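Read off the chains here:
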Amino acid sequence: MSSGDFSRRTLLRASGAAAAGAAGAAGAALGMLPGVAFADQPGDTGSQTRTVTGTLEPDVPDWYYLPVDVPRGVRQIDVVYSYDKPKVPAGTRGNACDIGMFGPEGHELGNARGFRGWSGGFRDRFSISASEATPGYLAGPIKPGRWHVILGPYTVAPQGLNYRVDITLTFGPDAAPFQPDPAPESAPARERGRAWYRGDGHLHTVHSDGRRTPEQLVADARAAGLDFMISTDHNTSSSQLVWGRYATDDLLILNGEEVTTRSGHWPAIGLPAGTWIDWRYRAADAADFRRFTDQVHRAGGLVTAAHPFANCFGCTYEFAYEIADLVEVWNGPWTQDDEASVIHWDGLLRGGRFIPAIGDSDAHNPDQRVALPHTVVLADRLRRKELLAGLKAGQSWLAESSAVQLDFTVSGGGRTAGIGSRLPAGTGTPVTVRAVVGGVPGTTVTFLDQLGPEHTETIGDSGAATVTWTTYPRYSRWVRVEVRRPSGGPNTTQPNAMVAMSNPIFLGAGD
């Protein structure tokens, strides 16, 4: 990938190269490469470099582990890698290879103590020392023992993949140790008690394959009018340890990780700082997927099925939906992928499986707009626990920007219910469905139930209106609302682009 080729879809493909596959002891043994051993350094100063080369054939394991025996007295590890990119016929995948590092604590599946960093295919080099590390990697002492460089052949050309890895050890005393500085747990300037809060739950920085620094991302999230943001760098926890340096009192920063496998991406959101979730399995490894989603839930986080129909290898979500807490039906500027996601999500809802919908920008680069889209969630306060509870309950709606306003309710039999709730009305009770919108000129407002679109009105140049419709629980098991712009939307040529959409309100007594 050239330095100038950073479209959103290209970045999805590049982050898909962060994918993992067969892991555990058996998988590691199958993918073990010849290693290198370094000798003790006289005087404990200076450096040593070793080079490893080889060829990976098209029929390869998902992971290769390159053992590196590290002696005592090492201050810093530097790794540089490269691989060839031969020409391939049209329609044939070429070479793409990822890289990461595990320390002497081990590289078994789920071994968070051994994990020392990941950059996928985004960087060709990294450094680790006690005081600092390349973004994506974890600073800490270089302990003696057997380390492992990970090579992940994402795609391999028919000619094979010729690789080179240069490992340099620098000897000497450690500098001052790295001091974690996680984000504070509150943002008092945006606290409003029980209220609707705007947040983007899928964002990237230079700690994975993003082009924004943490400081730049905070600035853009604040400019977009958000109350909170969730950092979800691919397959690493490194950014979780530095957000306190950039935090402000008017933006709550939550931690996450976009768990990026070869069977799709699933952001783990709302994690305690420093939490790493392994990604070295596929959808066929159901027990492993369950193991790590359980880890997320024990930590108090949520599991998101991200961009389910993204049309790049390793990007489409192939895991079990029943384990996911949320479905990201709208990812970045509106595309056919998003249309397919909404249709699929709506189909699950019609079949009786409600998994709350969310929308995120998945912004990587400065030209990709933060908060296009984002999720507006009803929470008791602007804190991690309360925000996640609102998201999991489906008490949320999706918006193109902070200029978009939506109030969606139903009423009948002397009662009123809002998004994600239930109106326990009798089957013959008339129910008034009501949407109050603002900031949406040139759009249509449509009410939908399990039968599809039921009522549509056009919104004029003022961009504000109150739209109502009457139904009965006998005919509508639930209702939801979509606001669309026939002419398209920001950064997309797709007609009838989404501007806002809600999760459902359920009608009737229920089960």
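Residues numbered from 1 in each chain as written. Predicted model: local features only at pLDDT ≥ 70, side-chain atom pairs only at ≥ 80, totals over all residues. Heavy atoms only, no water.

### Quick look at the pairing of strand β19 (residues 405-412)
Rule in force here: Residue burial is assigned from relative accessible area. The probe radius is 1.4 Å, only protein chains are included, and a residue is buried under 20% of its type maximum, exposed over 50%, and partly exposed in between. The helix and strand labels rest on DSSP assignments: H or I over at least four residues marks a helix, E over at least two residues marks a strand, and numbering proceeds from the N terminus. At least two bridges found by DSSP between two strands is the condition for calling them paired.
Side chains Leu406, Phe408, Val410 and Gly412 project from β19 onto a buried face, and the interleaved Gln405, Asp407, Thr409 and Ser411 project onto a face without burial. Of the strand pairs in this sheet, β19 and strand β20 (residues 415-418) are connected by 4 bridges, and their pairing is antiparallel. Considered in β20, the bridge of Val410 is made with Ala417. Linkage of β19 to β20, two consecutive antiparallel strands, is achieved through a turn of 2 residues, within which Gly413 is found at a positive phi near 60 degrees.

### A word on the sheet that holds strand β4 (residues 74-83)
The condition that has to hold: Axis definition: a line fitted to C-alpha atoms, limited for helices to the stretch in contact. Angles are taken between N-to-C directions and run from 0 to 180 degrees.
As summarised here, the arrangement of the 4 strands in space is β2-β9-β4-β7, forming an open sheet in which the pairing is antiparallel. Bordering the open sheet on either side are β2 (47-56) and β7 (125-129), each of which pairs with just one other strand. Within the sheet, the average angular offset between the axes of one strand and its neighbour, ignoring direction, is 15 degrees. Pairing of β2 with strand β9 (residues 161-171), which is carried by 10 bridges, proceeds in the antiparallel orientation. Residue pairing across strands places Thr55 opposite Asn162, the latter belonging to β9.

### Here we look at the pattern of salt bridges
To keep things clear, this is the line we draw: Salt bridge, as applied in this entry: a Lys or Arg side-chain nitrogen positioned within 4 Å of an Asp or Glu carboxyl oxygen.
Across all of its chains, the model carries 20 salt bridges by this definition. Put simply, Asp380 and Arg194 hold a salt bridge, and the shortest N to O gap is 2.5 Å. Separated by 186 residues along the polypeptide, Asp380 in the loop between β17 (374-379) and α6 (384-392) and Arg194 in the loop between β9 and β10 (195-203) bring together distant segments of the chain. Taking the relative accessible area as the measure of exposure, Asp380 reaches 45% and is therefore partly exposed. A relative accessible area of 52% places Arg194 in the exposed class. The network of salt bridges with shared partners includes Glu339, Asp346, Arg350, Arg480, Glu482 and Arg484.

### Focus: the layout of surface pockets
As a reminder of what qualifies: Here a cavity denotes grid points, spaced 1 Å and computed from the protein atoms alone, that fit a 1.4 Å probe unable to get out, and a pocket denotes an open set having protein on both sides within 12 Å along at least 5 of 7 lines; residues with an atom within 4 Å of a point are the lining. Grid points are joined across faces, edges and corners, and a volume is the space filled by probe spheres set on the points. Note on residue classes: Ala, Val, Leu, Ile, Met, Phe, Trp, Tyr, Cys and Pro are nonpolar, Asp, Glu, Lys and Arg are charged, and everything else, Gly too, is polar.
Within this model, the second largest pocket holds a volume of roughly 570 Å³. Contributing to the lining of the second largest pocket are 31 residues, with Tyr137, Leu138, Ala139, Phe178 and Leu241 lying nearest its centre. Residues belonging to the lining of the second largest pocket are distributed by class as follows: 18 nonpolar, 7 polar and 6 charged.

### Examining unusual backbone geometry
In the segment running from Leu372 into Pro373, the intervening peptide bond is cis, with an omega of -5 degrees. If you trace the backbone, Pro373 turns up in the loop between β16 (357-360) and β17. Phi angles above zero are rare outside glycine, and His307 is one such case at about 25 degrees. Among the structural elements, His307 can be located in the loop between β14 (302-305) and β15 (326-331). Unlike most non-glycine residues, Ala371 shows phi in positive territory, near 80 degrees. Along the polypeptide, Ala371 turns up in the loop between β16 and β17.

### Examining α6
Those residues of α6 lying buried are Glu386, Leu387, Leu388, Gly390 and Leu391. At the exit of α6 stands Gly394, carrying a positive phi of roughly 75 degrees.

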